[in-house]
Amino acid sequence: MKARFTPVRDPRLGEGLQKTDLQGRISGVRGEVYVWLPPQYDDPAYKYKKFPVVKLLPGYPGSAKTWFGTLKVQRQLRPMMEQGTVAPFILVSPRTHLLGDTDTGCANVPGKVNAETWISVDVRKMVTDNFRASEKPDGWAVAGFSAGAHCAVKLAVAHPDRYRAAVGLSGYNAPAAERTSLTGRDPELRRANTRC
């Protein structure tokens, strides 16, 4: 699925960030997705290189932009990639706040939302269709903080055919049992979405 990307022109988010509004064909979910390409992406020496991808998930009720604005991830990685101390990879941050004032827990909940499919199928397909990105699971990782950490680990454990690594920062194994948590407030959904 080809997507139309526009440069993000917000100095708080740094340079080189682009975004698209993606309508997921499988999930039915619509949301923005931010992509940052490594400095080597347009280098002729890497013309045929397929780059690994790290998907970045924010906490709830955070925004996909948090990784680039508050955490400044690409500003920290760019110099290391340019110096060769870190291998180049693509950063992708999809919207995870999909249901108003409710944390989806990155789960597919019948009749409510297909958040897991949005993140792990639709966004992934969009990335491989539009960029020179690895299609193999060992070229994909998912990272998150807080609620995003729960999602990152849950997705990697549930889908070793899609991700080879997960990084959870200040996360938890079970969905938060709060009124804003779609998967945490329902005992059956909580059990189904707990990764220990």
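Residues numbered from 1 in each chain as written. Predicted model: local features only at pLDDT ≥ 70, side-chain atom pairs only at ≥ 80, totals over all residues. Heavy atoms only, no water.

Draft legend 1. Quick look at the pairing of strand S3 (residues 30-36). Of all seven residues in S3, six are buried, a share of seventy percent or more. Relative to S3, strand S2 (residues 17-23) runs antiparallel, the two sharing seven bridges. Paired with Lys19 across the bridge in S3 is Tyr34. The turn joining S2 and S3, which pair antiparallel and follow one another in sequence, is formed by six residues; a positive phi near 80° is taken by Gly28. Here S3 runs beside strand S5 (residues 90-94); their pairing, made up of four bridges, is antiparallel. Bridging from a neighbouring strand, Val33 pairs with Pro94 of S5. (Buried < 20%, exposed > 50% of the residue type's maximum accessible area, 1.4 Å probe, protein only. Helix = DSSP H or I, 4+ residues; strand = E, 2+ residues; numbered from the N terminus. Pairing = 2+ DSSP bridges.)

Draft legend 2. Examining the packing of aromatic side chains more closely. Considering all chains together, one arrives at five aromatic pairs under this definition. An angle of 70° between the planes, with centres 5.0 Å apart, marks the rings of Phe5 and Phe131 as edge-to-face. Here Phe131 lies in the loop between helix H2 (115-130) and strand S8 (140-145) and Phe5 lies in the segment before strand S1 (6-7), a separation of 126 residues in the sequence. Phe131 sits in the buried class, given a relative accessible area of 11%. Ring pairs connect the aromatic residues Phe5, Tyr41, Tyr46, Phe51 and Phe131, which therefore count as one cluster. Lying across the ring of Phe51, Lys49 places its NZ or CZ 6.0 Å from the centre. Positioned above the aromatic ring of Tyr41, the side-chain terminus of Arg132 is 4.2 Å from the ring centre. (Phe/Tyr/Trp six-rings, centres within 6.5 Å; stacked < 30°, edge-to-face > 60°. Lys NZ or Arg CZ within 6 Å of the ring centre and 35° of its normal.)

Without other data, these values stay purely geometric and don't point to any function.
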